[in-house]
Amino acid sequence: MSSSSPSGSGGDLSERRGIPAAKFIQDVETYLSQSSLDSNSALAFHQERLQQYKVVEMKLLAQQRDLQAKIPDIEKCLEVVGTLEARKGTGETLLADFEVSEGIYSRACIEDTDSVCLWLGANVMLEYSCEEATALLKNNLENAKASLEVLVADLQFLRDQVTVTQVTIARIYNYDVQQRRVKQVAPTAITAADS
Amino acid sequence: MMQQGKSSSSGSEMQVTWEDQQNINTFSRLNNRFHELEDDIKLAKEKCDNLEDAGNELILSDEEMVRFQIGEVFAHMPREEVETKIEEMKEATFKSLENLQHEKESIVSQMAELKKVLYAKFKDSINLEED
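Residues numbered from 1 in each chain as written. Chains lettered and ligands numbered in written order. Predicted model: local features only at pLDDT ≥ 70, side-chain atom pairs only at ≥ 80, totals over all residues. Heavy atoms only, no water.

### Side note on the packing of aromatic side chains
- Going through the model one piece at a time under the given rule, you end up with two aromatic pairs over all chains.
- Measuring from centroid to centroid gives 5.2 Å for F24 of chain A and W18 of chain B, while their planes differ by 55°, and the two rings are tilted. Highlighted residues: F24 of chain A in the loop between β2 (19-20) and α1 (28-34) and W18 of chain B in helix α1 (residues 18-60), drawn from two different chains. Residue F24 of chain A shares its accessibility class with W18 of chain B, and that shared class is buried. (Phe/Tyr/Trp six-rings, centres within 6.5 Å; stacked < 30°, edge-to-face > 60°. Helix = DSSP H or I, 4+ residues; strand = E, 2+ residues; numbered from the N terminus. Buried < 20%, exposed > 50% of the residue type's maximum accessible area, 1.4 Å probe, protein only.)

### Let's talk about the interface of chain A and chain B
- Each side of the interface is counted separately: chain A has 33 residues, and chain B has 30 residues.
- Summing the contributions of chain A and of chain B, the shared interface buries around 2800 Å²; its carbon and sulfur component is 49%.
- As a salt-bridge pair, R29 of chain B and D160 of chain A come within 2.5 Å of each other at their nearest N and O atoms.
- Remark: the boundary between chain A and chain B carries seven residue pairs in polar contact (both at pLDDT 80 or more).
- Examining the composition of the side of chain A that touches chain B, we find that 14 residues originate from one element, helix α3 (residues 130-194) of chain A, more than from any other.
- Residue composition of the side of chain A that touches chain B, grouped by class: 13 nonpolar, nine polar and 11 charged.
- Relative to strand β2 (residues 73-78) of chain B, strand β3 (residues 94-101) of chain A runs antiparallel, the two being bridged by two bridges. Bridged to D97 of chain A within β2 of chain B is F74 of chain B. (Contact = heavy atoms within 4.5 Å. Buried area = accessible area lost by both parts, 1.4 Å probe. Salt bridge = Lys/Arg side-chain N within 4 Å of Asp/Glu carboxyl O. Polar contact = N/O pair within 3.5 Å; in protein donor to acceptor, adjacent residues only side chain to side chain. Nonpolar A, V, L, I, M, F, W, Y, C, P; charged D, E, K, R; others polar. Pairing = 2+ DSSP bridges.)

### With respect to the UniProt feature "coiled-coil region" (unreviewed entry) in chain B
- This chain's UniProt record puts "coiled-coil region" (unreviewed entry) on residues 27-54 of chain B.
- Each end of residues 27-54 of chain B is marked by a C-alpha atom, and these two atoms are 40 Å apart; helix forms 100% of the span and strand 0%. (UniProt positions renumbered as here; feature names shortened; annotations may be inferred.)

### Focus: the pattern of salt bridges
- Going through the model one piece at a time under the given rule, you end up with 22 salt bridges over all chains.
- Residues D97 of chain A and R67 of chain B are paired through a salt bridge, measuring 3.1 Å at the closest nitrogen-oxygen approach. Linking D97 of chain A in strand β3 with R67 of chain B in strand β1 (residues 65-70), this pair reaches from one chain into another.
- Judged by its relative accessible area of 49%, R67 of chain B is partly exposed.
- Taking the shortest distance from any N to any O, the salt bridge between K104 of chain B and E38 of chain B comes out at 3.4 Å. Here the residue K104 of chain B occupies a position in helix α2 (residues 79-122), and E38 of chain B occupies one in helix α1, the gap between them amounting to 66 residues.
- Through salt bridges with shared partners, one network takes in R16, R17 and D154 of chain A.

### Focus on the sheet that holds β2 of chain B
- Here four strands make up an open sheet; going across it, the order is β4(A)-β3(A)-β2(B)-β1(B) and the pairing antiparallel. Edge positions in the sheet fall to β4 (104-110) of chain A together with β1 of chain B, since each has one partner strand and no second. Across the sheet, the mean angle from the axis of one strand to that of its neighbour is 30°, orientation sign disregarded.
- Two strands pair when backbone bridges link them, and β1 of chain B and β2 of chain B are joined in this way by six bridges, in the antiparallel orientation. Following the sheet pairing, I70 of chain B is matched in β2 of chain B by V73 of chain B. (Axes fitted to C-alpha atoms, helices over the stretch in contact; angles between N-to-C directions.)

Okay, structure coming up:
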């Protein structure tokens, strides 16, 4: 659920799924006077914002890893069900070696069958016909891929905000350095004129 | 990748426009995608090599029934079927590898363009190299 109110410059989103956008500053001096902040407070504010972004980034990256592990799993299940379906008409028994424990394998004779059992998680396993199983797995796969797409878009948005904030911090810092330099030069000029 | 533009010696009055910011953001996105692609290409190459080795082993062996991994189990399959499957997998992986490499080339050239633009404006105040 993202609000579409433009943030002034560029007409972009002002937030996306709870992540606030980093407002782009046209001019550092105007920004500092308008918000009546001095350089140090502004820097502190943006540094904190950056930390918050990093925390969200970690969370999103973890979610992305989970999804990226889940998708190959679902694809493997689909492959197995597909193979069973292909064998259905022939009446042959499928011999399969499966792992009982680490390094120990056992042989299974899989007769011609119409149904498979799917592990749904939370200690629940349900029996489905091959077609239903394929449909369910395909659905799960589509959902997982769609979630991953949304997640990737979120991450891109977040990284953009991180970059904007980093550039803002650099610009405020540079502006501050410049101001100090100007202040250093000015008093010396005055004393030279006085004496 | 991009360090904060600390213009120490020049102390230049570098104005950053929204367009510049967008260029920097785009460069950052491209760079991230570039690293992801490099990892994906590495995995795809390994998979290609493995399939190649498997194909060769199959030719050398003389067993009639071969155990082919589907999901977590090894199904007993006649040799020709396994050969066909390996060929199919090799083709799919090779095509995917080609696509990844094309995408990577396109990204590299886009990044080179952006580098030119950004270095032209910011010169020393920006660093776009790998750290």
